[in-house]
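Architecture and fold: a report
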Amino acid sequence: MRLLNFLLAVSLVAFLASCQPSKKKAEPFAKGEFKSWAQTPPMGWNSWDCYGPTVEEPEVKANADYMAEKLKDYGWEYIVVDIRWFVENDKAGGYNQTDPRYVIDEYGRYQPAVNRFPSAADGKGFKELADYVHGKGLKFGIHIMRGIPKKAVEDKLPILGTDGITADQIYSTELQCQWLRDNYTIVADKPGAQEYYNSIFDMYADWGVDFVKVDDLSRPYHKGEIELIRNAIDQCGRPIVLSTSPGETPIEDADHVKEHANMWRMVDDVWDTWHHFTHLIDICQKWYPYIAPGTWPDCDMIPLGRISIRGERGNDRMTRLTKDEQYSLMTLFTIFKSPLMFGGDLPSNDDFTLSLLTNKEVLKMHAEATNVHQLFNEDGKVAIVSEHPANGDKYMALFNIADEPQTITVDLTQLGYISDCGLVNLWTGEDSGQISGEYSIELAPHASALYKLVY
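What you are looking at is a predicted structure, and each value in this text was computed from that prediction instead of being measured. (Residues numbered from 1 in each chain as written. Predicted model: local features only at pLDDT ≥ 70, side-chain atom pairs only at ≥ 80, totals over all residues. Heavy atoms only, no water.)

**Digging into the environment of Pro58**
Cut-off, in case you're wondering: A run of H or I in DSSP becomes a helix once it reaches four residues, and a run of E becomes a strand once it reaches two; helices and strands are each numbered from the N terminus.
When you line up the elements, Pro58 lands in helix α3 (residues 57-71). Sequence separation between Pro58 and Asp82 is 24 residues, and the spatial gap between their C-alpha atoms is 15 Å.

See below:
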């Protein structure tokens with residue numbers, strides 16, 4: 001009798017399980033649909049500048065808490081865990097490439113290191129951390145390296161979604177990343193290559209990832225792997241914003257990258273020194289024509305506030321940029337409509353740093369302005385302008401990138417103003433009244449000014 005009851009119970013459980021709807025992947029996205037996922041430049045926090053490859057779960061949560069409380073209402077929304085979250089024993093000031101302890105699953109896919117991300121225990125990956133971030137009304141992102149783990153190749157791990165293809169059948173040692181040797185290149189036309197990328201992005205979609213920064217794609221430009229990644233995101237059924245990084249994306253590949261990524265790096269890592277800023281000014285000159293909804297040239301992370309707590313470059317510090325230089329950096333990033341990924345530890349912000357991130361008029365320009373272009377860049381004097389598409393207001397950023405004071409003069413007729421117009425300083429709110437003809441201002445070394453001009 002007991003055996004009969006047991007068999008009936010097992011049969012009932014099996015029947016009820018069969019009645020449950022099976023998990024079904026969402027429909028794939030149409031070609032180019034990804035551009036609708038970032039109609040304004042993404043804004044968020046990234047762990048790299050302050051924690052390098054060593055960030056831990058409590059630190060991620062603390063930055064999410066701060067963003068939800070103080071920044072979310074201003075449009076900041078992404079919390080991004082940067083490089084090597086799958087290494088148990090990485091180090092500050094570089095990378096442990098001597099004896100890294102990787103965490104990897106049976107299909108050659110990196111998993112979060114549980115000693116750093118306790119909620120990843122029992123194979124949960126980043127699901128619980130993503131849920132925590134989503135519970136704050138924010139979005140969750142991660143960093144990965146292009147390619148396939150060397151360990152997966154060495155162990156000949158199977159590729160999910162294939163009939164017996166293993167990792168050692170899709171890799172090449174050619175063009176391997178020179179500064180971090182965790183992965184091999186994936187040969188894009190090999191059977192199993194697309195399936196491998198599909199398998200990792202399907203996993204990220206299950207975790208609830210909203211943003212992926214893929215490293216080592218730009219120098220040289222890895223067209224084949226970028227296309228595999230685009231295909232993998234589009235088939236996974238979850239909108240995942242794609243950021244390509246790092247290095248100077250070749251301008252000759254501009255048309256290709258804007259059809260495959262939401263944002264792409266124009267430069268190597270930007271740190272808190274003035275020459276990084278002046279280099280950005282020069283590089284931006286090539287990229288103005290490619291600023292468009294859903295596809296954004298990327299100035300890199302914002303190295304302000306408290307950085308290098310356990311970072312790659314230098315000791316724990318508040319940014320070395322002066323206040324004038326910090327205004328100049330934020331003015332360039334916002335008028336250029338670069339994605340804004342803050343690199344400092346948010347809970348360590350002082351009032352001044354917070355003020356740079358919460359100016360409503362500046363962020364309105366950043367989100368809504370169009371027709372961004374450079375008026376001039378000569379003798380250390382730079383002028384960049386844009387306009388509001390709804391009301392025709394113009395925005396004007398002036399920079400003195402020289403090491404001595406300079407007077408910068410702009411002919412307002414170049415902006416279409418043939419009679420008086422109003423001039424408002426966006427950072428201070430100061431209204432300078434009506435001006436006409438030419439406008440001149442003396443700027444201290446490395447200083448800037450940001451204006452809205454209205455009839």
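**Description of the confidence of the model for the protein**
Note the cut-off: Per-residue confidence from the predictor is reported as pLDDT, which spans 0 to 100. Contacts are assigned to residue pairs that have any heavy atoms within 4.5 Å of one another.
Overall, the prediction assigns the protein a mean pLDDT of 94, with 95% of residues at 70 or greater. Segment residues 1-23: pLDDT under 50, and 1 contact once partners within four positions in sequence are set aside and those in other chains are kept.

**Observations concerning the sheet that holds strand β5 (residues 171-172)**
Stated formally: For two strands to be treated as a pair, DSSP must find at least two bridges joining them.
Read from one edge of the open sheet, 3 strands run β4-β6-β5, paired in antiparallel fashion. Of all strands in the sheet, those bounded by a partner on one side alone are β4 (148-149) and β5. The sheet contact formed by β5 and strand β6 (residues 183-186) spans 2 bridges and is antiparallel. Across the sheet, the residue bridging to Tyr171 is Ile186, located in β6.

**A look at the sheet that holds strand β18 (residues 421-425)**
Going by this rule: Axis definition: a line fitted to C-alpha atoms, limited for helices to the stretch in contact. Angles are taken between N-to-C directions and run from 0 to 180 degrees.
Pairing is antiparallel across the open sheet formed by 6 strands, whose spatial order is β14-β15-β16-β21-β18-β19. Only two strands of the sheet have a single neighbouring strand rather than two, namely β14 (370-378) and β19 (431-435). Averaged over neighbouring strand pairs, the angle between their axes works out to 20° when direction is ignored. Relative to strand β21 (residues 448-454), strand β16 (residues 394-400) runs antiparallel, the two being bridged by 6 bridges. Considered in β21, the bridge of Phe399 is made with Ser448. Packed on one face of the sheet, helix α10 (residues 323-335) meets β14, β15 (381-387), β16 and β21 and runs near 140° to β16. Along the sheet face, helix α12 (residues 360-368) touches β14, β15, β16 and β21 and points at about 75° away from the line of β21.

**A few points about the nonpolar core**
So the rule is basically this: Residues enter a nonpolar core if they are buried and are Ala, Val, Leu, Ile, Met, Phe, Trp, Tyr or Cys, with the set joined through side-chain atoms within 4.5 Å. Relative accessible area decides the class of each residue, using a 1.4 Å probe on protein chains only: under 20% of the type maximum gives buried, over 50% gives exposed, and in between gives partly exposed. In this entry, domain limits derive from an automatic or database-based domain assignment.
Trp76, Trp85, Phe201 and Tyr204 are the most contacted members of the largest nonpolar core, which has 127 residues in total. Looking at which domains feed residues into this core, each of domain 1 (33-368) and domain 2 (375-454) gives three or more. Residues in contact with Phe201, not counting those within four places in the same chain, are Ile144, Val212, Ile229, Ala232, Ile233, Cys236 and Ile240. The next biggest cluster of nonpolar side chains, apart from the first, holds 20 residues, and it includes Phe376, Met396, Ile441 and Leu443.

**Comments concerning α10**
Note: α-helices contain 3.6 residues per turn, so residues at a spacing of three or four share the same orientation. So the rule is basically this: In a helix, the anticipated span is given by 1.5 Å times the number of residues less one.
Here α10 spans 18 Å end to end across 13 residues, near enough to the 18 Å set by a 1.5 Å rise per residue. Most of α10 is tucked away, with 10 of its 13 residues classed as buried. Inspection of α10 places Glu325, Gln326, Ser328, Leu329, Met330, Thr331, Leu332, Phe333, Thr334 and Ile335 among the buried residues, and these make up the whole buried set. Positive phi appears at Lys337, one or two residues downstream of α10, with a value of about 65°.

**Some remarks on the domain arrangement of the protein**
Going by this rule: Buried area is understood as the total, over both parts, of accessible area removed when two parts are fitted together, assessed with a 1.4 Å probe. For salt bridges, the criterion is a side-chain nitrogen of Lys or Arg within 4 Å of an Asp or Glu carboxyl oxygen.
Taken domain by domain, the protein holds domain 1 (33-368) and domain 2 (375-454). Look at where the C-alpha atoms of domain 1 and domain 2 centre, and you get two points 34 Å apart. The partner domain 2 presents 21 residues to the 23 residues of domain 1 that form the contact. Both faces combined, the contact of domain 1 with domain 2 buries some 1900 Å², and carbon together with sulfur accounts for 66% of it. Considering only the surface of domain 1 that becomes buried against domain 2, Thr331, Ile335 and Met365 emerge as the three largest contributors, covering 27% of it. Taken together, domain 1 and domain 2 are joined by 1 salt bridge.

**Thoughts on helix α4 (residues 127-135)**
Defined as follows: Starting at the helix axis, one direction is taken to each C-beta atom, and the arc is that of these directions.
Within α4 the residues assigned to the buried category are Leu129, Ala130 and Val133. For α4, the angular spread of buried residues about the axis comes to 100°, placing them on one side. Close packing links the buried residues of α4 with α3, β2 (78-81), β3 (139-145) and α6 (193-207). Of the residues trailing α4, Gly137 is marked for its positive phi of about 80°.

**Details of the UniProt feature "domain: Alpha galactosidase C-terminal" (unreviewed entry) in the protein**
The criterion, for reference: UniProt positions are given in the numbering used here, feature names are shortened, and annotations may be inferred rather than shown by experiment.
Cross-referencing UniProt, the feature "domain: Alpha galactosidase C-terminal" (unreviewed entry) maps to residues 379-453 in the present numbering. Each end of residues 379-453 is marked by a C-alpha atom, and these two atoms are 25 Å apart; helix forms 0% of the span and strand 56%.

**What to know about the packing of α6 against helix α7 (residues 223-236)**
To keep it simple, the criterion reads: In these notes the angle categories are as follows: under 35 degrees is roughly parallel, over 145 is roughly antiparallel, 65 to 115 is roughly perpendicular, and the rest is oblique. Helix crossings are classified by the rotation of the near helix relative to the far one: an anticlockwise turn of less than a right angle makes the crossing left-handed, while a clockwise turn makes it right-handed. Gly falls in the polar group here, along with every residue not listed as nonpolar (Ala, Val, Leu, Ile, Met, Phe, Trp, Tyr, Cys, Pro) or charged (Asp, Glu, Lys, Arg).
Where α6 meets α7, the closest approach of the two axes is 8 Å, and the angle between their N-to-C directions is 45°. When the interaxial angle is binned, α6 and α7 end up oblique. Considering only the axes of α6 and α7, their crossing is right-handed. Residues Ala193, Gln194, Tyr197, Asn198, Phe201, Asp202 and Ala205 of α6 lie in contact with α7, whose contacting residues are Glu225, Leu228, Ile229, Asn231, Ala232, Ile233, Gln235 and Cys236. Of the residues in the contact of α6 with α7, the class split is 9 nonpolar, 4 polar and 2 charged.

**Details of the side chain of Ser338**
Within the element layout of this structure, Ser338 appears in the loop between α10 and β13 (340-342). Sequence-distant contacts of Ser338, defined by excluding residues within four places in its chain, comprise Pro41, Pro297, Asp298, Cys299, Phe333 and His366.

**Focus: the state of the cysteines**
Our working rule: We call a pair of cysteine sulfur atoms a disulfide when they lie within 2.5 Å.
The final tally for this structure, using the stated rule, is 0 disulfides. A disulfide-free cysteine, Cys284 has its sulfur positioned 4.2 Å from the sulfur of Cys299, the nearest such atom. By relative accessible area, which is 0% here, Cys284 ends up buried.

**Re the packing of aromatic side chains**
Formally: Working definition: rings of Phe, Tyr and Trp (its six-membered ring) pair if their centres are within 6.5 Å, and the pair is stacked with planes under 30 degrees apart, edge-to-face with planes over 60 apart, and tilted otherwise.
Per the stated rule, a full pass over the model turns up 25 aromatic pairs. Aromatic side chains Trp85 and Phe126 sit 5.1 Å apart centroid to centroid with 65° between the ring planes, which places their arrangement in the edge-to-face category. With Trp85 in the loop between β2 and α4 and Phe126 in the loop between β2 and α4, this residue pair connects regions lying 41 residues apart in the sequence. Aromatic pair Trp274 and Phe277: ring centres 4.6 Å apart, planes at 25°, arrangement stacked. Highlighted residues: Trp274 and Phe277, both in helix α9 (residues 274-284), separated by 3 residues, approximately one helical turn.

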